[in-house]
Amino acid sequence: MVSGFSKKTKAEKMIWISQQFHNPKEALQVLNTYNHSDKTLQTLHDEFIENALTNFYMPLGIAPNFNINGTTLTIPMAIEESSVVAAASNAAKFWSAKGGFKAQTLGTEKVGHVHFMYHGDPIKLQRFFEKQKDVLLASTEAITQNMRSRGGGITALTLVDKRDAISGYYQLDVRFETLDAMGANFINSCLEQLAKTLRELAGQYAEFSEIEKDIEIVMSILSNYVPNCLVKASVSCPVDELLATPEDSRLFAEKFVQAIRIADAEPYRAVTHNKGIMNGIDAVVIASGNDFRAVAAGVHAFAAMSGQYRSLSKAEIKDDVFHFSLTIPLAVGTVGGLTKLHPLVRWCHELMGTPNAKELMHIIAVAGLAQNFAAVKSLVTTGIQQGHMKMHLLNILNQMGATENEKQTVVEHFKYNTVSHHAVVEVLEKLRAS
Ligand code: NAD
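Heads up: these notes are all about the structure in this document. Going along each chain's sequence as written, the residues are numbered from 1 onward. This being a predicted model, a pLDDT of at least 70 is required before a residue's local features are given, and a value of 80 or more before pairs of side-chain atoms are given or counted; all residues contribute to the totals for chains, interfaces and linings. Working from all heavy atoms in the structure, the side-chain values ignore hydrogens and water.

**Some details on the overall build of the chain**
Within the chain, the secondary structure is distributed over 16 helices and 10 strands. Here's how the labels work: a residue is buried when its accessible area is under 20% of the maximum for its type, exposed when over 50%, partly exposed in between, all with a 1.4 Å probe on protein chains only. Counting across all 434 residues of the chain, residues that qualify as buried make up 43%. Pairs at least 24 residues apart make up 70% of the contacts formed inside the chain by residues separated by at least 6 positions. Using a 1.4 Å probe, the Shrake-Rupley method yields the accessible areas, and only the shown protein chains count as cover for residues. Approximately 22600 Å² of the chain is accessible, and the part contributed by carbon and sulfur atoms is 54%. Charged-residue counts in this description rest on Lys and Arg as positive and Asp and Glu as negative, His and the chain ends being excluded. Here the site of a charge means atom NZ of a Lys, CZ of an Arg, CG of an Asp or CD of a Glu. Treating the 41 positive side-chain charges of the chain as one cloud and the 44 negative ones as another, the clouds have centres 2 Å apart. Secondary structure elements are taken from DSSP: a helix is a run of H or I of four residues or more, a strand is a run of E of two residues or more, and numbering for both begins at the N terminus. Contacts are assigned to residue pairs that have any heavy atoms within 4.5 Å of one another.

So this is what it looks like as structure tokens:
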């Protein structure tokens, strides 16, 4: 146990933690290696979180040639998985020759709740709420002033009776328009004010008995389930133009649609299918400085909306046209959080043409759809391992401490041979023996 750890200086923390390792000197060296030599930049990063010791690097790649609603774009992707950027780039190129991606925002509504307990007459509570609704809203005016002046703010406030789920449980259900902000902090501030006002007003409400006046606020928090903050990305083209020949194209389209049907019907497949979509989504969400935990939680809840976990993407052949689309909830911002603070995040926003929140939703959804297209295309044709292992080859070689010369020779060999962990080890060992 250590007490007062957060009060130690960064250097003291690094020394203390390094002493827990078999080789303290080496452990400290690793931390130092990843600290940035630019002190101002390093301090900026250190101040993002508590007890920061160093930086955790992830590769930032780019996927060029995305045509989204007629504009050509390069998408930044922060991801450690070998094949993701290559797959996105391939899908971008494939669809740019076929009219590109379409994307549209279907809604931008955010949600939050004051969860509270009231053990009294439900009709009296409803009457109280209707009488005090304007006062409740007015109490948030100082917080919402700037957002309202931009055209956003609280869009709806309702009382919800949740006693079916838990005895005495009610909610203030609050809907928000947060424009270019993801809105978590703004929403939570509004909710905490509403909760405070609710309790004060109830305490003074003459029609309530003493027990009814004592409303218990359990918590006030936004929801990351945002089924009305939706974006749709889609592609389509005549079936016969999908691959080199009309015969191959038709076979491919039919198999592709069947694969999506399987992902819709079978949760074991749906989870992996949607994980592939999240490969694209998370990479752009992280590069854009947004909260990927919030996005992932909301997206997976949406996938299970019907009561069964299903595919997020849909595919069909209609009138000889192949249609493939992805609809997902996305609460992301282009202001707030780290978006203007992290230099590399700012760089990524500029690369994407400084999008507003809706445009960023389009880009993220398109990255998810592109990723899914590339993965399912591989699955129903060559299989996923061919492309994946080609990209993973360098990881295997690095694990084995291969030199630059060895890497070149082995990579050349595997241009014409199937990559597997075993095969790479064998080729490298043979090379070393010779
Ligand atoms: P924030 O607190 O940085 O606030 C953003 C502010 O930007 C807004 O309140 C607004 O005043 C201002 N703004 C300027 N121009 C604007 C424009 N054009 N449109 C909208 N607002 C504009 O950020 P936030 O969006 O309130 O919160 C996001 C952060 O909250 C993320 O970092 C997230 O990780 C974190 N967070 C998430 C959760 C959760 O998801 N459960 C909970 C707590 C915190």
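What follows continues from the structure just given.
**Brief notes about the nonpolar core**
The definition of a nonpolar core used throughout is a set of buried Ala, Val, Leu, Ile, Met, Phe, Trp, Tyr and Cys residues joined through side-chain atoms within 4.5 Å. If you look at the biggest cluster of nonpolar residues, it comprises 99 residues, and the most contacted ones within it are Phe 66, Phe 116, Ile 281 and Phe 322. Considering every element that reaches this core, the biggest residue donor is helix α13 (residues 357-380), with 13 residues. Formed jointly, this core draws a minimum of three residues from each of two domains, domain 2 (60-106 + 228-381) and domain 3 (110-223). Discounting residues that sit within four places of it in the chain, Phe 322 has contacts with Trp 95, Val 235, Ser 236, Cys 237, Val 239, Leu 242, Ala 253, Phe 256, Val 257, Glu 316 and Phe 373. Core analysis: the next-biggest nonpolar cluster, separate from the first, contains 11 residues, Leu 393, Ala 402, Val 410 and Phe 414 among them. Throughout, the edges of the domains are those of an automatic or database domain assignment.

**Observations regarding the site of the ligand**
Residues are labelled near a given molecule or strand when at least one of their non-hydrogen atoms is within 4 Å of it. Taken together, 19 residues surround the ligand, and among them Gly 183, Asn 185, Asn 224, Asp 291 and Gly 337 come closest. Between an oxygen atom of the ligand and a main-chain N or O atom of Gly 183, the distance comes to 2.6 Å. The site holding the ligand turns out to be the largest pocket. For the shell around the ligand, the element with the highest residue contribution is helix α7 (residues 184-204), accounting for 4 residues. Class assignment for the residues of the shell around the ligand results in 9 nonpolar, 7 polar and 3 charged. Two N or O atoms form a polar contact when they lie within 3.5 Å of each other; inside protein one atom must be a possible hydrogen donor and the other a possible acceptor, and for residues adjacent in sequence the pair counts only when both atoms belong to side chains. Throughout, the protein atoms alone are placed on a 1 Å grid, and a set of points is a cavity if a 1.4 Å probe fits but cannot get out or a pocket if it is open with protein on both sides within 12 Å along at least five of seven lines; lining residues have an atom within 4 Å of a point. Being in a pocket or cavity means that more than half of the molecule's atoms lie within 2 Å of its grid points. Only Asp, Glu, Lys and Arg are considered charged, only Ala, Val, Leu, Ile, Met, Phe, Trp, Tyr, Cys and Pro nonpolar, and every remaining residue, Gly among them, polar.

**A word on the side chain of Ser 89**
Tracing the backbone through its elements, the reader meets Ser 89 in helix α4 (residues 84-96). Given the relative accessible area of 18%, Ser 89 is considered buried. A polar atom in the side chain of Ser 89 sits 2.8 Å from the backbone oxygen of Val 85. Those residues in contact with Ser 89 that lie beyond four places of it in its chain are Ile 62, Ala 63 and Pro 64.

**Describing the sheet that holds strand β3 (residues 102-105)**
Spatial ordering of the open sheet is given by β3-β8-β10-β9, a layout of 4 strands whose pairing is antiparallel. Bordering the open sheet on either side are β3 and β9 (313-318), each of which pairs with just one other strand. Taken pair by pair, the neighbouring strands of this sheet meet at an average axis angle of 20°, ignoring direction. Two strands make a pair as long as DSSP finds a minimum of two bridges between them. By the bridge criterion, 4 bridges tie β3 to strand β8 (residues 230-238) in an arrangement that is antiparallel. Looking at β8, one finds that Gln 104 is bridged to Lys 232. Note on definitions: angles span 0 to 180 degrees between N-to-C directions of axes, and those axes are lines fitted to C-alpha atoms, for helices only across the stretch in contact.

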